[in-house]
Amino acid sequence: MLAVGAHPDDVEFHCGGTLLLYRLGGHDVTVCVATNGDKGSKRIPPGELAAIRQGEAREAAARLGAELIWLGFEDGALQEGLAERMAFIEAVRKARPDVVLAHDPDDYHPDHRASARLVRDALFLATVPHVHTESPALESTPSLYWMDTGAAAFQPTDYVDVTDVYAEKEELLALHRSQWEWISDHSGVEIAEPMRVTNRFRGMACGVRYAEAFRREWLAAGGSAVRLLP
Ligand SMILES: [Zn+2]
């Protein structure tokens, strides 16, 4: 399976529990990070921060037992250009997933929204052999689920009970040390608090302690008829 985040800590925040459950189930997990996260600090200069955040993403992926694909586009400036499209297609082909988790197209951050559209477009084009990238075309289109935005407007179609791995999920997020100060500086909360509240709220909706929520996107071509979430 493949999880695509716009920024280096997004995947841990939005679907880290689900990724831990996939790993426990013996599945291959690939994490793709679209931007270098170089705007996520008040204090550390962007060039220095990008290197720090790549190191943090590598550490989190290693802890998860996941492959990391680092695309390195500029934070806060993700565009839907041809270079970005081809990079997303190649990431999907390299991971060869049955299922893809990505940001919701209505999420709050412009990089999240751009990466949502880039993922949706890449899933179709990844199956087209005449669209050339380094890796061969996919035989079929993977299933696509949008990740929770945490906003009241987000209407989940699926929940994953992450209660048993929730503590480990917080440890994964905490590996993004550069963000402890930034989230507190920028949003006035401790880094794991919004995640804890959202996962507890989603858990209440489906009768468990902590849950991650997703919204299935039914693409016109491809995707499995059965639920591929843990
Ligand atoms: Zn983000």
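Everything discussed here concerns the structure shown above.
Computed from a predicted model, the values in this text were never measured in an experiment.

K.L.:
Any chance you could explain the overall build of the protein chain here in plain terms?
P.N.:
What the protein chain contains, in helices and strands, is 7 helices and 7 strands. Taken from the N to the C terminus, the helices and strands of the protein chain come in the order β-α-β-α-β-α-β-α-β-β-α-α-α-β. The C-alpha radius of gyration of the protein chain comes to 17 Å, within 12% of the 17 Å expected for a compact globule of 230 residues. Each principal axis of the C-alpha distribution contributes one length, and for the protein chain these read about 50 × 45 × 35 Å. Expressed as a percentage of the 230 residues in the protein chain, the buried residues total 46%.

K.L.:
Can you walk me through the pairing of strand S5 (residues 143–147) in this structure?
P.N.:
Consecutive side chains of a regular strand alternate in pointing toward one face of the sheet and then the other. In terms of burial, S5 is largely enclosed, as 5 of its 5 residues are buried. Neither face of S5 is exposed, since Ser-143, Tyr-145 and Met-147 on one face and Leu-144 and Trp-146 on the opposite face are all buried. Of the strand pairs in this sheet, strand S4 (residues 99–102) and S5 are connected by 4 bridges, and their pairing is parallel. When the sheet's bridge partners are listed, Ala-102 is paired in S5 with Trp-146. Between the parallel pair S4 and S5, the chain is carried across by helix H4 (residues 110–125), and the sense of this crossover is right-handed. Alignment of S5 against strand S7 (residues 211–217), held across 4 bridges, turns out to be antiparallel. Across the sheet, residue Met-147 finds its bridge partner in S7, namely Phe-214.

K.L.:
So what exactly am I meant to see when it comes to the nonpolar core here?
P.N.:
Within soluble globular proteins, side chains that are nonpolar tend to cluster in buried spots. Within the largest apolar cluster, 62 residues are counted, with the highest numbers of intra-cluster contacts made by Leu-19, Cys-32, Val-92, Ala-102 and Val-119. Per-element accounting of this core gives the leading share, 7 residues, to helix H1 (residues 10–24).

K.L.:
Teacher, can you tell me more about the sheet that holds S7 here?
P.N.:
Strands sit in the order S3-S2-S1-S4-S5-S7-S6 across an open sheet of 7 strands; the sheet is mixed. Each edge of the open sheet carries a strand with a single partner, namely strand S3 (67–73) and strand S6 (158–161). Averaged over all adjacent pairs, the angle separating strand axes in this sheet is 25°, with direction ignored. Pairing between strand S1 (residues 2–5) and S4: 2 bridges, direction parallel. When the sheet's bridge partners are listed, Leu-2 is paired in S4 with Val-100. Across the face of the sheet, H1 comes into contact with S1, strand S2 (30–35), S4, S5, S6 and S7 while running at roughly 170° to S1. Across the sheet, helix H2 (residues 46–64) lies against S2 and S3, angled at about 160° from S3, the strand it touches most.

K.L.:
Could you clarify how one ought to interpret the pairing of S1 in this entry?
P.N.:
Burial along S1 is two-sided: Leu-2 and Val-4 facing one way and Ala-3 and Gly-5 facing the other are all buried. Note that S1 and S2 share 4 bridges and pair parallel. Its bridge partner lying in S2, Val-4 is registered against Cys-32. Note that the unit made of S1, H1 and S2 has a crossover that is right-handed.

K.L.:
Where do I start with the environment of Leu-20 in this structure?
P.N.:
Inspection of the secondary structure puts Leu-20 in helix H1. For the pair Leu-20 and Gly-150, spaced 130 residues apart in sequence, the C-alpha separation works out to 20 Å. Apart from residues no more than four positions distant in its own chain, Leu-20 is found in contact with Leu-64, Val-165, Glu-168 and Lys-169.

K.L.:
Just checking my understanding: could you explain the packing of H1 against helix H5 (residues 166–174) for this structure?
P.N.:
Packed helix pairs are characterised by how far apart their axes lie and by the angle those axes make with each other. Interhelical geometry of H1 versus H5 gives an angle of 135° and a closest axis separation of 9 Å. Classed by the angle they form, the pair H1 and H5 counts as oblique. Both H1 and H5 take part in a crossing whose hand is right-handed. Residues Glu-12, Phe-13, Gly-16, Gly-17 and Leu-20 of H1 form the contact with H5, whose own contacting residues are Tyr-166, Glu-168, Lys-169, Leu-172 and Leu-173. In terms of residue class, the contact of H1 with H5 is made up of 5 nonpolar, 2 polar and 3 charged.

Rules and cut-offs
Residue numbers run consecutively from 1 along every chain, following the written order of its sequence. Residue-level local features of this predicted model are given only where pLDDT is at least 70; pairs of side-chain atoms are given and counted only at 80 or more, and the full residue set underlies all totals for whole chains, interfaces and linings. Numbering of helices and strands runs from the N terminus, with a helix taken as a DSSP run of H or I at least four residues long and a strand as a DSSP run of E at least two residues long. Put simply, the radius of gyration uses C-alpha atoms, and a globule should come to 2.2 Å times the residue count raised to 0.38. Using C-beta atoms placed from the backbone, we call a residue buried if 20 or more other C-beta atoms fall within 10 Å of its own, exposed if 12 or fewer do, and partly exposed for counts in between. Strands are labelled as partners when DSSP assigns at least two bridges between them. By convention, orient the strands away from the viewer: a clockwise path from the first strand over the helix to the second makes the crossover right-handed. Joined through C-beta atoms within 7 Å, a set of buried Ala, Val, Leu, Ile, Met, Phe, Trp, Tyr and Cys residues constitutes a nonpolar core. Fitting a line to C-alpha atoms yields each axis, with helices limited to the stretch in contact; the angle taken between N-to-C directions then spans 0 to 180 degrees. Note that contacts rest on C-beta atoms placed from the backbone: two residues are in contact if these are within 7 Å. Oblique is the label for any angle not covered by the other classes, which are roughly parallel (under 35 degrees), roughly antiparallel (over 145) and roughly perpendicular (65 to 115). Rotating anticlockwise by less than a right angle from the far helix to the near helix defines a left-handed crossing, while the corresponding clockwise rotation defines a right-handed one. Here the nonpolar group is Ala, Val, Leu, Ile, Met, Phe, Trp, Tyr, Cys and Pro; Asp, Glu, Lys and Arg are the charged ones; every other residue, Gly included, is treated as polar.

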